[in-house]
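A closer look at the structure
The residues making up each chain are set out below.
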Amino acid sequence: MKAPSFEYAKAESVDEALELLGRFGDDAKVIAGGQSLVPALNMRLAGPSALIDIGAIGELRGIKLDGAVMRIGALTRHCEIMASGEIARHVPLLAKAVPNIAHEAIRNRGTIGGSLANADPAAEWPACSLALGAVMEIAGQNGRRKVSAADFFQGYYTTAIEPDEILIAIEFPVISADYRSAFMELSRRKGDYAMVGLAAHARVSGGVFNDVRLSFFNVADRPVLAVSAAAVLEGKEMSVQAVEQAQQALGDDLDPLGDLYCSPEYKIRLARVLTGRVLSQLAAG
Amino acid sequence: MSGGNAMEKTYPVTVIVNGTPMTALVPARLTLADFLRNEAELTGTHVGCEHGVCGACTVRVDGRTVRGCLTLAVQCDGAEVETIEGATEDGRIKDLQDAFIERNALQCGFCTPGFLMAADELLNDNPSPTREEIREHLSGNYCRCTGYQAIVEAVEMTAARRRGEAQ
Ligand SMILES: Cc1cc2nc3c(=O)[nH]c(=O)nc-3n(C[C@H](O)[C@H](O)[C@H](O)COP(=O)(O)OP(=O)(O)OC[C@H]3O[C@@H](n4cnc5c(N)ncnc54)[C@H](O)[C@@H]3O)c2cc1C
Ligand code: FES
Ligand code: FES
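Cut-off values and rules
- Residues numbered from 1 in each chain as written.
- Chains lettered and ligands numbered in written order.
- Predicted model: local features only at pLDDT ≥ 70, side-chain atom pairs only at ≥ 80, totals over all residues.
- Heavy atoms only, no water.
- Pairing = 2+ DSSP bridges.
- Helix = DSSP H or I, 4+ residues; strand = E, 2+ residues; numbered from the N terminus.
- Axes fitted to C-alpha atoms, helices over the stretch in contact; angles between N-to-C directions.
- Contact = heavy atoms within 4.5 Å.
- Buried area = accessible area lost by both parts, 1.4 Å probe.
- Salt bridge = Lys/Arg side-chain N within 4 Å of Asp/Glu carboxyl O.
- Domains from an automatic or database assignment.
- Polar contact = N/O pair within 3.5 Å; in protein donor to acceptor, adjacent residues only side chain to side chain.
- Nonpolar A, V, L, I, M, F, W, Y, C, P; charged D, E, K, R; others polar.

Residues and elements named next belong to chain A. With respect to topology, five strands assemble into an open sheet ordered S4-S5-S10-S6-S7, the strand pairing being antiparallel. Whereas interior strands pair on both sides, the edge strands pair on one side only; in this sheet they are strand S4 (63-66) and strand S7 (143-148). Between one strand axis and the next, the sheet turns through 25 degrees on average, direction left out of account.

Another aspect to go through is the interface of chain B and chain A. Facing 28 residues of chain B, the contacting portion of chain A comprises 30 residues. Taken together, both faces of the contact between chain B and chain A bury some 2500 Å²; the carbon and sulfur share is 50%. For the chain B face of the interface with chain A, the top three residues by lost area are Arg29, Leu70 and Gln75 of chain B, together amounting to 25%. The tally of links from chain B across to chain A stands at six salt bridges. Close ionic contact of glutamate 104 of chain A with arginine 64 of chain B constitutes a salt bridge, the shortest N to O distance being 2.6 Å. At the level of secondary structure, the elements contributing two or more residues to the side of chain B that touches chain A comprise strand S4 (64-67), helix H4 (112-125) and helix H5 (131-137) of chain B. Top contributing element to the side of chain B that touches chain A by residue count: S4 of chain B, with four residues.

Residue and element names in this part refer to chain B. Domain parsing of chain B yields domain 1 (10-87) and domain 2 (91-162). Here the C-alpha centre of domain 2 lies 22 Å away from the C-alpha centre of domain 1. Taken together, the 18 residues of domain 1 in the interface contact 18 residues of domain 2. Here domain 1 meets domain 2 over a buried area of about 1500 Å², counting both sides, of which 51% is carbon and sulfur. Across the contact surface, domain 1 and domain 2 share four salt bridges. Between arginine 92 and glutamate 82 there is a salt bridge whose closest N-O contact spans 2.7 Å. Where domain 1 packs against domain 2, one counts ten residue pairs in polar contact (both at pLDDT 80 or more). Counting only elements with at least two residues in the side of domain 1 that touches domain 2, the list comes to strand S3 (58-61), S4 and helix H2 (84-90). In the side of domain 1 that touches domain 2, the residues fall into seven nonpolar, seven polar and four charged.

Structure (structure tokens):
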């Protein structure tokens, strides 16, 4: 199908984008890579009065290491994260997750900020941000504010970004020496959104797990930290029993809704399978 | 004006299509794929699903492949776009095209321009892709006729020939 008609304005700066959003009102939408928005327009699931194109704002692009923080501009494309040696070294969870996002031609245009703002419950970046405790920087008419990943995702396709605000950048903590990351998802076909996925991060020293973060996606209306399973693993070594206890505890953490392809029981089962595989990866390093 | 109506607001864009600048007034909702087909009259870029899943609309924008159906023409003001016609005229994919014919990697041909554009990008990035890497790179392109085997073989064969290995 073809999109309904809308107006279009290109912003050269964050201030101009905010001014345009204010001028066009609540029905206006920001367009970044367009890889979620244009399908929605073409299928007439979205009908904004105007699109504000932020694609040319240089300030929103780029990956910068600043002490213990990796700052990624909202407009940074999936392919740029995939190609970044700094990301692979300092925030390896992102490097492990990115090949699972869509396909090359979509990664060449889609942006991390667009994915986070879109907040699809099956998307990879929201789960990674939650696992790592990332912080989102948001700009509005009244200045800039920071929101932690735990407060940022508020439901299906719903975030802390107000209609007159723009996501500017995401700050990820740089991985410390004894921490490890692992990522895995199960999807029907390569590049499809996951049926269930798991982004994990933990301290593994002397074979013992501490500070385990298991961030599941496509099990609820937003990414979910499995706190009971993580608590079970605290201070334990990798073993068949430890994995089984964590898998069991997931029953307290997850209460998935079924969808077109998976019943709730099947999703729990997939989550348990992923937990076993991901813990093995974490333990192996 | 394609994709629009008499009252619809239009925006000026200049897109460099296969090396030649082209200026037009387009409605904001016109996709790059429809711009190429209807304004530039380059119908090698195909339009299948119009929501990013089939890859028939694959073209290059500023050197990288994109979905023509998920890119708006207005977003391409000043951009360099290359279509299957440009890549063909350039001559650099002649061997790839020949390999597609040799291996029967196309039947109806609807998907072929998209596959050629995607495979061309892969072979530029990686002269020695494994079959797994070929499948991974082409995973965003659908073919409803061939069953993919012959397409993977044509790409693999082209890579081998370019490396000077007889096939
Ligand atoms: C076939 C297909 C498969 C895909 N598979 C996956 C997948 O497996 N995993 C996955 O995660 N994604 C997938 N995607 C989506 C893709 O990753 C998108 O790139 C991403 O979801 C949105 O990024 P974008 O830059 O394209 O945003 P856009 O489409 O431009 O915008 C998306 C939404 O976010 C808003 N927005 C964008 N940027 C900002 C900002 N800076 N501030 C405030 N609001 C903003 C827009 O207004 C819009 O509502 C797929 C897409 C397609 C077409
Ligand atoms: S027409 Fe663009 S991906 Fe199908
Ligand atoms: S040859 Fe018919 S769709 Fe591929």
